[in-house]
Amino acid sequence: MMNQQEYTNLIVLAFQGKETQARKKAEDQLIQNCQNDARSIDILCELSSQQNDLLLAESAAITIITAVKKFIANTKPYALEMRLHHVDLFVQMLTKQISDKIKVSIQQALQQLVYYDKQNHFKTRLKQHVIQSIETRLENMIASAFYITETLQLDNQYEWFQSIIKAGKLISTFSQSTKILWAKVLFHQLDQHLTTHQMTGVPEPIQQYFIYNEELCQVLILKTQQLTFVGDDLEYCHLIVASQRLIYGSIIKFYKEAIIAKKCPFLDILSILCDSYIQSLVAYVMSSNFSYDKLNQNQQNLINEIIKLLAITCKSISVYHIFAEYRMAIFLDIILPFFSSTQKEMNDLIEDPNEFVQLTQDLLDEQKSDIIKSSVAQLIIAYCQHIDGSVSFFTSFSTLAATYCIQKLSNAEIKEQMGLIMEFKEHYFLKSMNENVLLETSLLILSILSNYLVYRNEVGQIFKSFISSYGDYLLNYSIPLVKARLCTYIGAYCKSILHEQEELSQQLLNFLINQIKSAKNELYANSYCAIEAIKNIIEEPNLEKLLEPNIGQILIALCESLLQSDFEDHFDTIKQIFKTFTIEPSILDQALGLIVLKIQQEQQLVEQGQTERQICINQTWNILKSLPEIDKIIPIHFNLLEKRVAILYKYIINPNIIDFDEDIVYFIAQLISKTKFISDYQAEMFFQCNKVIEKQRFTLGQLFELFNYYIYYGKTLFSNINAQEFLIQMLEVVFNNPQNGEASQGEAIILLHLLLQEYTLNKDVLTYIYTKILQRSQLEVKNDFLRARLMGIYISGFIQNCSQTLAWIEQQQGFIYDHIIDSSKHCQPDYDSQLYIVGFCQLLLKNPKYLNVALLTNFVTVLKRQYNHDQKKDKDDNNDSEDMFAFNDELEDSKITMEAFQCNITKHNQFDMFHLTYQHLRRTLNIPELISNDPILKKDLDEMLKINKINSDARIILKLKKRKET
């Protein structure tokens, strides 16, 4: 066992050592001793308590966390006595005069013990300690209570937490760190319990405890009635306001009806609180020392929480009069200043355009960003939804402010109607805001208001008038920031201001096209904002005709700027244009060339080590992969499309240097599926697929679907024996790979089924396939479906290669034939059953002598199993039920494989096939005599022959009709 000095030496070396190897060795030794030495935590606590070496003390405290983890994870039981001792030790540590950083480490160690205490051996003791510590009224004891409370969760015994709330009355004379600690404890508990379980509409017991708690209301409200936004208590105030916001959010958003029925202290003082916050914030903005860009983080956090709280409380009828009265002040002195672009946003316009545009979209859509600007957007929306006349007021004043800015910036004479705005020259927005910033802010506010204005008939004329009057400056002379906001504005009001055959509409579209092209000048944010506007216009069905004459120009601008872009909606907008509009061949050809060039350029960057560019390659491929599904492109422009994309096919020659080989495979598969033939390019690519299989560690993946289409549609390709042998060799390495699961092996075997079912193969090829399958079937097979698939090879051989298959079977001295017949017991419903019936029916039609009682019995067994499966499936479909639990992953994977499998076998009705074959055999064989000694077989056979099989399409129709009726 090590002594204290040895622990000290190890900690110093582990945390401060300069040599990596020595430091790692010390870390390992320290961890080992922590795990094996029962005294380790006592020694580490002593070291954490010493005052001479703060770095050593902090390192020892961090090590305590590791030590507790090791005790918990140790195979030896962590004795209750030792855990209780460590809990007491940590509680003592938290009462000492040590740094907050050390206390946080001790708290984290204690939290692990509390979590590990499933039997609640000491949680009650800790709660009692919290109450007793607060009763001492001593700061170090009260602070320890706060640290301990952070480790505890409120449950149905939450009365002890009232002492934490009462502590709020005691902390006014304590240090700032203790105040912040109390506010954090309160906020974390409120956050945990007021942001969950809100679907019932009625507060749960702990939520009611908070919402109706008069003492909590007193301590929370009294702390923030006079805010100055300066000083050292900003973090504390921010946490208090955040706690208020959680409470009022729950009351007003979720529990409004439930709260009204019972007296809630928070509602009684809501008007006082809102009045105080509005006045405090307006006064601060109007003060001479206010500057938005100079706010520190604590000031930003506090202001953000206040505005979020105002956005929530604005919805309450009880304070309607306050928000109506202060609407002008809130708009001028809160909304305008705090909705303007910060210096960071202006930097993002150039340096981080994705961030700039994402924030803009968030402001327009969901306001999820936890920043002041997003909270102001919430306040604007709350006003529009709950305070009458706000939409008109915000619209008029924003338009007025924008007009004023343009006149000032263009050095025009300020018109008389601007007199109203000049009355506010002493307010921050006129006194301190740059005209360009005020202009972009006004345009952004108007964009947010679009949801409330776009359906008002008079709005279109108002905005048209505004754009017509000042369009020349906005379109041609404004700064990039304003142009970016103008793009957003056009996108928001496209339904109101864009119309066919109007010169203004054409000017605005040309402006957006030019902004898209501005990516060439590295004004990416402007380009992205214009793309968002175009995307909005495309999504308006009534504006399609407006875009049609310009769509070629727009598409080429988008594809050219794509070469410099990584903006997600850029790719989506191009896809949307392809899906929505008919593209002229010359435009399509040019656009495809640029899209292919994008992939080539990005691949070069990837090869140079910029692996993050792979995302752009994936997004560009998503455009290409969407094209085969578009009827306006395929099959009409098949040759044009493939000629362009074939440039990318060459990359599959060395798939190890790319990460889009699956995209190439998928693209070719989709083209074949749509056109139903194999082109020369595609046939050439077939002979490169072995390299993809090698890269994929001898699994098929996307190649399964591609090979399926190659075999099914490639009659010319597979009339060539070289293609047959090449495919067989590729599939052999898959089904003989022991590292593959049986579902993966089954995929390869299924493809061999299809080859045998569709083509007449020569003797050598058949012998090779049958021999390899026989060898595989003699190895371990875990799943019935794979046993059925292995024997299905020979059954498939009966369809196109019957005589040679029989000859090979006879050469095996007959035993293999019994296995093939007996494979019926492994057949899964649908494909396996269909193959068994169709294959053997083909055999019997050509060679009736092979019919015997065993085969006839298996026929009946397979058909009965299929019939029962169909009945159950019909019942499940009608009840819309699903088996949600798959007990055999391999079997489920094999079923998924067959869902999209193209083959002619599945087109046969196995009941009809059997019925026709049976009738044919009766002409040459005395079947009644054959089964005369088996009355059960005779009965089952009669039942199967009477079945009128309902095909899958009919089942689907019946299901849809039933749903429609309901």
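These figures come from a predicted structure and were not determined experimentally. (Residues numbered from 1 in each chain as written. Predicted model: local features only at pLDDT ≥ 70, side-chain atom pairs only at ≥ 80, totals over all residues. Heavy atoms only, no water.)

Visitor: Honestly, the overall build of the protein chain in this entry has me stumped. Any pointers?
Guide: In terms of helices and strands, the protein chain carries 55 helices and 0 strands. Computed over the C-alpha atoms, the radius of gyration of the protein chain is 38 Å, more than 25% above the 30 Å expected from 2.2 N^0.38 for a compact globule of 966 residues. Overall, the protein chain is about 105 × 85 × 65 Å in size when its C-alpha atoms are taken along their principal axes. Within the protein chain, the proportion of its 966 residues that are buried is 55%. Long-range pairs, those at least 24 residues apart, make up 75% of the contacts in the protein chain between residues at least 6 apart in sequence. For the protein chain, the exposed area adds up to about 43,800 Å²; of that, 49% sits on carbon and sulfur atoms. (Helix = DSSP H or I, 4+ residues; strand = E, 2+ residues; numbered from the N terminus. Rg over C-alpha atoms; globule rule 2.2 N^0.38 Å. Buried < 20%, exposed > 50% of the residue type's maximum accessible area, 1.4 Å probe, protein only. Contact = heavy atoms within 4.5 Å. Areas by Shrake-Rupley, 256 points an atom, 1.4 Å probe, with all protein chains shown as cover.)

Visitor: Which parts of the structure should I look at to understand the nonpolar core?
Guide: The tendency in soluble globular proteins is for nonpolar side chains to be buried as a group. Counting 357 residues, the largest nonpolar core has Trp182, Phe338, Phe578, Phe707, Tyr710 and Phe840 as the members making the most contacts within it. For this core, the element with the most residues is helix 13 (residues 234–254), which contributes 12 residues. Leaving out residues up to four positions away in the same chain, Tyr710 has contacts with Ile668, Ile672, Ile678, Gln682, Ala683, Met685, Phe686, Leu717, Phe718 and Tyr759. (Core = buried A, V, L, I, M, F, W, Y, C linked by side-chain atoms within 4.5 Å.)

Visitor: What should I look at first to understand the packing of aromatic side chains in this one?
Guide: Two numbers describe a pair of aromatic rings. These are the distance of the centres and the angle of the planes. Evaluation of the coordinates by the stated rule reveals 51 aromatic pairs. Their ring planes at 90° and their centres at 6.1 Å tell us that Phe161 and Phe210 sit as a pair that is edge-to-face. In this pair, Phe161 is assigned in the loop between helix 8 (139–149) and helix 9 (162–167) and Phe210 in helix 11 (residues 205–211), connecting sequence segments 49 residues apart. Each member of the pair, Phe161 together with Phe210, is buried. Connected via pairs of aromatic rings, a cluster forms that spans Phe323, Phe331, Tyr383, Phe393, Phe394, Phe397, Phe424 and Phe429. Here the guanidinium or amino end of Lys625 rests over the ring plane of Tyr666, the centre of that ring lying 5.4 Å away. Sitting above the plane of the Tyr651 ring, Lys650 keeps its charged end 5.8 Å from the centroid. (Phe/Tyr/Trp six-rings, centres within 6.5 Å; stacked < 30°, edge-to-face > 60°. Lys NZ or Arg CZ within 6 Å of the ring centre and 35° of its normal.)

Visitor: Just checking my understanding: could you explain the state of the cysteines for this structure?
Guide: Two cysteines whose sulfur atoms are joined by a covalent bond form what is called a disulfide. Applying the stated criterion across every chain, the model contains 0 disulfides. Cys34 takes part in no disulfide bond, and the closest cysteine sulfur to it belongs to Cys45, at a distance of 11 Å. (Disulfide = S-S within 2.5 Å.)

Visitor: I'm lost on the confidence of the model for the protein chain in this one. Help?
Guide: Note that predicted coordinates carrying low pLDDT should not be read in detail. The share of residues in the protein chain with pLDDT of 70 or more is 94%, and the mean pLDDT across the chain is 89. Predicted confidence for residues 949–966 stays below pLDDT 50, and this span has 13 contacts to residues more than four positions away or in other chains. (pLDDT = per-residue confidence, 0-100.)

Visitor: Could you clarify how one ought to interpret helix 48 (residues 815–822) in this entry?
Guide: Helical geometry note: an α-helix holds 3.6 residues per turn, so side chains three or four residues apart project in the same direction. When we look at burial in helix 48, the residues that qualify are Ile816, Tyr817, Ile820 and Ile821. Buried residues along helix 48 cover an arc of 140° about the axis, so they all sit on one side. (Arc of directions from axis to C-beta.)

Visitor: Explain the side chain of Gln112 here, please?
Guide: Inspection of the secondary structure assignment puts Gln112 in helix 6 (residues 100–116). Residue classification places Gln112 among the buried residues on the basis of a relative accessible area of 19%. With residues near it in sequence (within four places) discarded, Gln112 still touches Ile65, Val68, Lys69 and Ile72.

Visitor: Explain the packing of helix 22 (residues 372–386) against helix 23 (residues 390–409) here, please?
Guide: The axes of two packed helices give the description: the angle between them and the distance between them. Two numbers describe how helix 22 lies on helix 23: the axes approach to 7 Å, and their chain directions differ by 130°. Relative to helix 23, helix 22 is oriented oblique. Across the interface between the two elements, Ile380, Tyr383 and Cys384 of helix 22 pack against Ser390, Val391 and Phe394 of helix 23. Partitioned by chemical class, the residues of the contact of helix 22 with helix 23 number 5 nonpolar, 1 polar and no charged. (Axes fitted to C-alpha atoms, helices over the stretch in contact; angles between N-to-C directions. Parallel < 35°, antiparallel > 145°, perpendicular 65-115°, else oblique. Nonpolar A, V, L, I, M, F, W, Y, C, P; charged D, E, K, R; others polar.)

Visitor: Looking at this structure, I do not really get the environment of Ala67. What am I missing?
Guide: The residue Ala67 is located in helix 4 (residues 54–73) in this model. Ala67 sits 37 residues away from Leu30 along the chain, and the two C-alpha atoms are 9.2 Å apart. Each residue touching Ala67, except ones within four places of it in the same chain, is listed here: Cys34, Ile41 and Leu44.

Visitor: Explanation requested: the environment of His386 in the structure shown.
Guide: Its location among the elements puts His386 in helix 22. Separated by 69 residues in sequence, His386 and Ile317 place their C-alpha atoms 8.5 Å apart. Discounting chain neighbours no more than four positions away, the residues touching His386 are Cys314, Lys315 and Tyr320.

Visitor: Whenever I open this one, the packing of helix 31 (residues 503–517) against helix 34 (residues 551–562) confuses me. Can you help?
Guide: Where helix 31 meets helix 34, the closest approach of the two axes is 8 Å, and the angle between their N-to-C directions is 15°. Of the possible angle classes, the one that applies to helix 31 and helix 34 is roughly parallel. When you trace helix 31 past helix 34, the crossing you get is left-handed. In this structure, helix 31 uses Ile513, Ile516 and Lys517 to contact helix 34, whose residues at the interface are Gln553, Ile554, Ala557, Leu558 and Ser561. Each residue belonging to the contact of helix 31 with helix 34 can be placed in one class, and the counts come to 5 nonpolar, 2 polar and 1 charged. (Left-handed = near helix turned anticlockwise from the far one by under 90°.)

Visitor: Help me out: how do you make sense of unusual backbone geometry in this one?
Guide: Leave glycine aside and you will find that most residues have negative phi; peptide bonds, for their part, are mostly trans. Put simply, Ile634 and Pro635 share a cis peptide bond, and its omega is 10°. The phi dihedral of Glu522 falls on the positive side, at around 65°, and the residue is not glycine. Relative to the assigned elements, Glu522 resides in the loop between helix 31 and helix 32 (524–538). Despite not being glycine, Arg697 has its phi angle at roughly 60°, a positive value. Its location among the elements puts Arg697 in the loop between helix 41 (689–695) and helix 42 (703–713).

Visitor: Which parts of the structure should I look at to understand helix 54 (residues 935–946)?
Guide: For helix 54, with 12 residues, the first-to-last C-alpha span of 17 Å sits near the 16 Å given by 1.5 Å per residue. Buried within helix 54 are the following residues: Leu937, Asp940, Leu941, Met944 and Leu945. Looking straight down helix 54, one finds its buried side chains confined to an arc of 135°; they lie on one side. Residues of helix 54 that are exposed and angled more than 90 degrees away from the buried face: Pro935, Ile936, Lys939 and Lys946. (Expected span 1.5 Å × (residues − 1).)

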